[in-house]
Amino acid sequence: MMAPMRRLSFGSIQTNMAAAFASLILLTVLLLGFIAYQLSTAAVRRSAEDYTAELVRQVNANIRTYVDNMRTISSLALNNRDVRSFVAGLDALPEDERRATEERISDFFRSILLSRNDIASIQIAGYDGSFVSDRREAKLNPYVSIPEQSWYKLARAAEGGIVVSSSHIQPIYRNEYRWVVSLSRELRRDDGTGVGILLVDLNFNVMNDMLSQIDLGQRGYVFIVSDDGNLVYHPQQQLVYSGLKTERIDDVLRRGGGSFETDEGSQSRIYTIQDSGFGWKIVGVSYVSELVGNKRQMDLSLLAWGGFCLLVAIALSVLLSRGLSRPIKRLQERMREVERGNLDIYVPPDGQREIGLLARTFNMMVAQIKELMSQVVREQEFKRRSELNALQAQINPHFLYNTLDSIVWMAEAKKSEEVVLMASALARLFRSSISKDRELVPVRTEIEHIANYLTIQKMRYKNKIDYRIDVDSAILDCLTIKVLLQPLVENAIYHGLKNKYGPGCIAISGERVADRIVFRIADDGVGMDEDMLAKLMRPDARKADGRGIGVANVRERIRLHFGPEFGLVYESEPEEGTTVTVTIPAVEPREEERCDKASGEPEGGREAAP
């Protein structure tokens, strides 16, 4: 999933945001359009089905009215006095009177036909072979037996009930073959004895004209089928009879009412069925593809509106993404300025909450970077000055002059052994202070350095100064700052023991306490009162007292190398002496120093060896 998203990602955030907005808007529009299209299609189809059902109901009502009129005509004929005489029995009448009665019946039937053009003919076929119709001189078809006609048989079997036939060709008249629908019923006497069949033929063309005008789309139609499966009416009845067109007659008869849809692909049809109540089924047939007549127009409209919405979505997405990405781009440009080293950058926060918060955070970050860089510069400068001060302390010109002057004085006094001792101590003092430009040296080197220094000072001041060095051998390989103790020992000599009446002693000790190394430089000199001690411990001690220069230098070097949790602690009592406690972390020697030690290379380099 992530791989396709990465492939679809664009170069800039504005393009990505525009693409995202456009996709979301387009997806929403397409989804809403699809739902609206489906709902509209369903609504139009439902309306078309309701229209078809209503149309079929109207056709059914018209057919029922039509058939009811036929029944009314048949009842009117039965109530005619001459027809009742015919039923009562014409055999008992004289021939001339019988003929006159038949003529009056014929005239009566003719008068009905004159008022109803939808009736093709009315006739009575007696069981005794008599035949009376609306035509006085009716010429019957000699090749057709009336008792063999289906309408005749069905009416006789119905014993007085009305029988409505399907559409058929009436062949009883010579040279006349009309498409009719026949309504027939048996004429019965009062004792229930049947005497003949009353036949009313309806003009099929009238029904055809009425049903053919039904509009159910370009290919929709209405047909009528009887309960026995025979077609009463179908606009393409000949095609159905010839097998070129099929209808779901069995499904229509099985369902009896309602509607069903066939599964014929693009030719699927919906059958809507109404029962006439007298043995006919009125069926409306609609093609599914025509129910939504304007489907193509709807498709084109959907495409047109979809394209318009896509253009609007793209335009809105570009405008929105440009507005949202503008502050981000401005922030990006400021970041590039910072990358090029320009820290005098300020991004004005705008009104957008997240972007404004990001701009404020960026400004704070740049300010902190600037402050940290300034702090690093200050610390490096101070460190450089501290190293310079340490070097100056190491090669103090007065110390060097006095030492060399002592060597000369001892040489003139022929004290060769003392000359050798002091000169050797001076040489080792300078050699041990050289440590391949490394700031950290082993404790062993620092102790050798301070031992050489005290040897020289003891020879200069003779019995005035004595010293003891007691350092745990377990910490000799640990690392400490180069020339860490000399400024403190020098302070003890020049500000503690030098002003003391009588000899003095400096005791130097070192031990490991947990993960720390603790050095103590204790003298029994003149000591300091509380005010002087407080001034010495102030951060600006170098400005307050000459002793404070070395103390502040050592304190700052410890802080820069090991952090503010390490440093110096002074304890002093006037006329009792002073003790300085130096605390540094227990730093184990690095591998390179182990190698130097293993190779026997002396600290300070070979070139400095005597």
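Everything below is about the structure shown above.
A. Seen up close, the environment of Ala425. If you trace the backbone, Ala425 turns up in helix 13 (residues 416-433). Residues Ala425 and Tyr453, spaced 28 residues apart in sequence, show a C-alpha to C-alpha distance of 7.3 Å.

B. Structural detail: the packing of aromatic side chains. Scanning all chains against the criterion turns up 11 aromatic pairs. Judged by centre distance (6.4 Å) and plane angle (80°), the rings of Phe223 and Tyr271 are edge-to-face. Here Tyr271 lies in strand 9 (residues 269-275) and Phe223 lies in strand 6 (residues 221-226), a separation of 48 residues in the sequence. By the burial criterion, Phe223 is buried, and Tyr271 matches it. Linked through ring pairs, Tyr221, Phe223, Phe260 and Tyr271 together constitute an aromatic cluster. Against the face of Tyr173 rests Arg135, its NZ or CZ located 4.2 Å from the ring centre.

C. View of the nonpolar core. Counting residues in each nonpolar core, the largest one holds 42 residues, and the members touching the most others are Val443, Leu488, Val489, Ile506, Phe519, Ile558 and Val582. Here this core takes 6 residues from helix 14 (residues 443-461), the largest share from any one element. Residue contacts for Ile558: discarding those within four places in its chain leaves Ile481, Leu484, Gly563, Phe566, Gly567, Leu568, Val582, Thr583 and Ile584. Of all hydrophobic cores here, the second largest spans 40 residues; its members include Tyr66, Ala77, Ile112 and Phe204.

D. Focus on the sheet that holds strand 16 (residues 567-573). Spatially, 5 strands are ordered 12-14-15-17-16 in an open sheet, and the strand pairing comes out mixed. In the strand order of this sheet, the two ends are held by strand 12 (465-471) and strand 16, each with one partner. Here the average twist between neighbouring strands, direction ignored, is 15°. The sheet contact formed by strand 16 and strand 17 (residues 577-585) spans 7 bridges and is antiparallel. Within strand 17, the residue paired with Glu571 across the bridge is Thr579. Where helix 15 (residues 486-497) meets the sheet, its contacts fall on strand 12, strand 14 (504-513), strand 15 (516-523), strand 16 and strand 17, and the angle it forms with strand 14 comes to roughly 150°.

E. Broad picture of the packing of helix 14 against helix 15. Packing of helix 14 against helix 15 leaves a shortest axis separation of 10 Å and a crossing angle of 20°. In this view, helix 14 runs roughly parallel relative to helix 15, as classed from their interaxial angle. Relative to helix 15, helix 14 is oriented so that their crossing is right-handed. Packed against helix 14, whose contacting residues are Glu446, His449, Ile450, Tyr453, Leu454, Gln457, Arg460 and Tyr461, the element helix 15 presents Gln486, Val489, Glu490, Ile493 and Tyr494 at the interface. Taken together, the residues of the contact of helix 14 with helix 15 sort by class into 7 nonpolar, 3 polar and 3 charged.

F. Local environment of the pattern of salt bridges. The full count for this structure, using the stated rule, is 22 salt bridges. Close ionic contact of Arg178 with Glu176 constitutes a salt bridge, the shortest N to O distance being 3.4 Å. For Glu511, the salt bridge goes to Arg520, with nearest N and O atoms at 3.2 Å. For Arg520, a relative accessible area of 32% puts it in the partly exposed group. Via salt bridges that share partners, Asp134, Arg135, Glu176 and Arg178 belong to a single interconnected network.

G. Focus on the pairing of strand 14. Alignment of strand 12 against strand 14, held across 7 bridges, turns out to be parallel. Bridge pairing links Asp466 to Cys505 in strand 14. Between strand 14 and the antiparallel strand that follows it, strand 15, lie 2 residues; Ala514 among them carries a positive phi value of about 60°.

Reading guide: rules and limits
- Residues numbered from 1 in each chain as written.
- Predicted model: local features only at pLDDT ≥ 70, side-chain atom pairs only at ≥ 80, totals over all residues.
- Heavy atoms only, no water.
- Helix = DSSP H or I, 4+ residues; strand = E, 2+ residues; numbered from the N terminus.
- Phe/Tyr/Trp six-rings, centres within 6.5 Å; stacked < 30°, edge-to-face > 60°.
- Buried < 20%, exposed > 50% of the residue type's maximum accessible area, 1.4 Å probe, protein only.
- Lys NZ or Arg CZ within 6 Å of the ring centre and 35° of its normal.
- Core = buried A, V, L, I, M, F, W, Y, C linked by side-chain atoms within 4.5 Å.
- Contact = heavy atoms within 4.5 Å.
- Pairing = 2+ DSSP bridges.
- Axes fitted to C-alpha atoms, helices over the stretch in contact; angles between N-to-C directions.
- Parallel < 35°, antiparallel > 145°, perpendicular 65-115°, else oblique.
- Left-handed = near helix turned anticlockwise from the far one by under 90°.
- Nonpolar A, V, L, I, M, F, W, Y, C, P; charged D, E, K, R; others polar.
- Salt bridge = Lys/Arg side-chain N within 4 Å of Asp/Glu carboxyl O.

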